[in-house]
Amino acid sequence: MDELINYNGYEEFKQAVNRVLNRTVEDFVLTGYLLKQARDTDILQGSGYADEKEFAWSEYKLDASQVSRYIKINDKFSEGGYSPKLQDQYQGFGYAKLALMLTLPEEVVEELTPAYSKTEIQAVKEEIEEEEKITDIEVILEGQKEEQKDLGNLEKALHQIFHDEPELYKTMHETVRTTCGTKYLQEVLAPDGDKIYSTRIQGIGRIMLYMHESKDITLHMVRSGDKEFYSWDDALSYCTMITNDEDAEKTWEEVYGEEFPKKEEIAPVQPKKRKESKVVKAKKSERKPKKTERSETKPAEPQTKQPDPPTKSEEIHTKDEEKPTETPDTTTVPAEAEEKEPEKTEETPEVKPEFQQENTDETQIPGQTELVKDFPQYCPPDMNAPEQQDQSEEVKPAYDTRRLYIASVDADTAAEYMGKAMEKAIRNMPGVSFGVLTKESFWKEFFETEVDGEGNEIECVN
């Protein structure tokens, strides 16, 4: 057995661990650098490989997307953009975080620290993408809130944050009124030393507040990319201004002109979590959901189920005569279905709406002609085999985490999938000790990785 290495205390041991972990990240940067050398020089001449992608796949089973990711990580995070060494400010992030940060604007990347987890960085990415879906015209049409028009950008952001997080306001209120100094406010707004608040200001767009205990507050206007910098004294000054009354809830009601929400009405902040996220997402504005034809017609299904064909025709005829007396709550779609029922009894082929075709198995009369099945040559392409279209939609759910995908399949499929997924994961970590596989952080990241309906990992970079 090899002799154990002795360390002079915890600090020396920790430095040794840091060197190993940092070396692992350096290996990814070095891999990107070597692939760029294969791309930009004649080093592959005489090897039989046409380019760096063919070389990487044949020798190391790294596909084109992985090669591209290694190279882009080197472009963005290495010294000078073309070096085997990682820039100092990105030490400690890890490969998965760096790969995700490739998809973020530079204004965001420069504010992140290794303290943010991959899940928290993903949350920041989602906030940026959410704002990109909104057009400039939509923002202008929103108009600014009257009570925010005369406030500065930092004041607007804090005003909205405390509106969306009433319990946070109560904590801040008590702190500001019972203590003196910015360090106590920092403990409320950035309890772990780092915090990102995403909030959306009506008529302006999304604002990201980056808070660090050891530096000023950075305000990032997501739509323009502009940044503003404020001191913690600036934040304390505004917080003092909106906490002038001794009763926190009463003061909140005076500031916002609303009744203070009851605890059970406050959004999902209530369930206890093992660790509070360092990223607070903006409260989504309420939008009226669009009603689909499919949902509108569901109540009409019982009306189309008639057991006796002869009486069915008579009943529908009666309903057609009474149609002018329909109430406003009655949808027009069920009426169309009722009007077409007499034609079905005469075996007249007709093009039925999609929602009626879905109910064919329940309403079909024995011996009755069905257009899609009996006369497919007369149907437009999008009408053929609606059942198959529905099935294809069902088997392609929105992507979720790898853990949920594994839980959704049987044991044999899960075992086969795990073998392939682990092989790919290990190939993506050249030079990493197998001791990493015993770490909780590795498996947490592995199972939280997003995959599609077939278990394929969602690539951060194309």
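Residues numbered from 1 in each chain as written. Predicted model: local features only at pLDDT ≥ 70, side-chain atom pairs only at ≥ 80, totals over all residues. Heavy atoms only, no water.

### So, the overall build of the protein
Across its full length, the protein carries 23 helices and seven strands. Taking all 462 residues of the protein together, the buried fraction comes to 37%. Sequence separation of 24 or more characterises 58% of the internal contacts of the protein that already satisfy a separation of 6 or more. Carbon and sulfur atoms form 50% of the exposed surface of the protein, whose accessible area is close to 28300 Å². (Helix = DSSP H or I, 4+ residues; strand = E, 2+ residues; numbered from the N terminus. Buried < 20%, exposed > 50% of the residue type's maximum accessible area, 1.4 Å probe, protein only. Contact = heavy atoms within 4.5 Å. Areas by Shrake-Rupley, 256 points an atom, 1.4 Å probe, with all protein chains shown as cover.)

### Points about the packing of helix α8 (residues 153–164) against helix α12 (residues 248–256)
It is the contact of α8 with α12, at a shortest axis distance of 11 Å, that shows an interaxial angle of 125°. Put simply, α8 runs oblique to α12. The chirality of how α8 crosses α12 is left-handed. Packed against α8, whose contacting residues are Leu158, His159, Phe162 and His163, the element α12 presents Trp252, Val255 and Tyr256 at the interface. (Axes fitted to C-alpha atoms, helices over the stretch in contact; angles between N-to-C directions. Parallel < 35°, antiparallel > 145°, perpendicular 65-115°, else oblique. Left-handed = near helix turned anticlockwise from the far one by under 90°.)

### Section: the environment of Glu165
With respect to the element layout, Glu165 can be found in the loop between α8 and α9 (166–178). Given a relative accessible area of 21%, Glu165 falls into the partly exposed group.

### A short note on the packing of aromatic side chains
Enumeration according to the criterion identifies 15 aromatic pairs in this entry. Taking the centre distance of 5.9 Å and the plane angle of 65° together, the rings of Tyr49 and Phe55 count as edge-to-face. Take Tyr49: its relative accessible area is 21%, and that puts it in the partly exposed class. Taken together, the ring pairs connect Phe28, Tyr70 and Tyr95 into an aromatic cluster. The ring of Trp57 has Lys61 lying over it, and the distance from NZ or CZ to the ring centre is 5.6 Å. Taking NZ or CZ as reference, Arg402 lies 4.2 Å from the ring centre of Phe446, over its face. (Phe/Tyr/Trp six-rings, centres within 6.5 Å; stacked < 30°, edge-to-face > 60°. Lys NZ or Arg CZ within 6 Å of the ring centre and 35° of its normal.)

### Some thoughts on the side chain of Lys195
You can see Lys195 is positioned in strand β1 (residues 194–201). For Lys195, a relative accessible area of 3% gives the class buried. Separated by 2.9 Å, the side chain of Lys195 and the backbone oxygen of Ser277 make a polar contact. With near-sequence residues (within four places) excluded, Lys195 lies in contact with Tyr116, Leu189, Ala190, Leu209, Tyr210, Met211, Glu276, Ser277, Lys278 and Val280. (Polar contact = N/O pair within 3.5 Å; in protein donor to acceptor, adjacent residues only side chain to side chain.)

### Some words on the confidence of the model for the protein
Confidence along the protein averages 76 in pLDDT terms, with 66% of residues attaining 70 or more. In the predicted structure, residues 287–307 sits below a pLDDT of 50 and forms 19 contacts with residues beyond four places in sequence or in another chain. Low confidence marks residues 384–397, where pLDDT is under 50. Its contacts with residues over four positions away, or in another chain, come to 13 contacts. (pLDDT = per-residue confidence, 0-100.)

### Quick notes on the environment of Gly94
Along the polypeptide, Gly94 turns up in the loop between α3 (64–77) and α4 (95–101). Owing to a relative accessible area of 18%, Gly94 belongs among the buried residues under this scheme.

### Topic: the pairing of strand β4 (residues 227–230)
As defined by bridge partners, strand β3 (residues 217–221) adjoins β4 across four bridges and the pair is classed as antiparallel. When the sheet's bridge partners are listed, Leu219 is paired in β4 with Glu228. The turn joining β3 and β4, which pair antiparallel and follow one another in sequence, is formed by five residues; a positive phi near 85° is taken by Gly225. (Pairing = 2+ DSSP bridges.)

### Notes on the sheet that holds strand β2 (residues 205–212)
Spatially, five strands are ordered β4-β3-β2-β1-β5 in an open sheet, and the strand pairing comes out mixed. Of all strands in the sheet, those with a lone pairing partner are β4 and β5 (279–280), marking the two edges. Bridge count for β2 against β3 is four bridges, and the pairing is antiparallel. Paired with Met208 across the two strands is His220, which belongs to β3. Across the sheet, α8 touches β1, β2, β3 and β4, and the angle it forms with β1 is around 90°.

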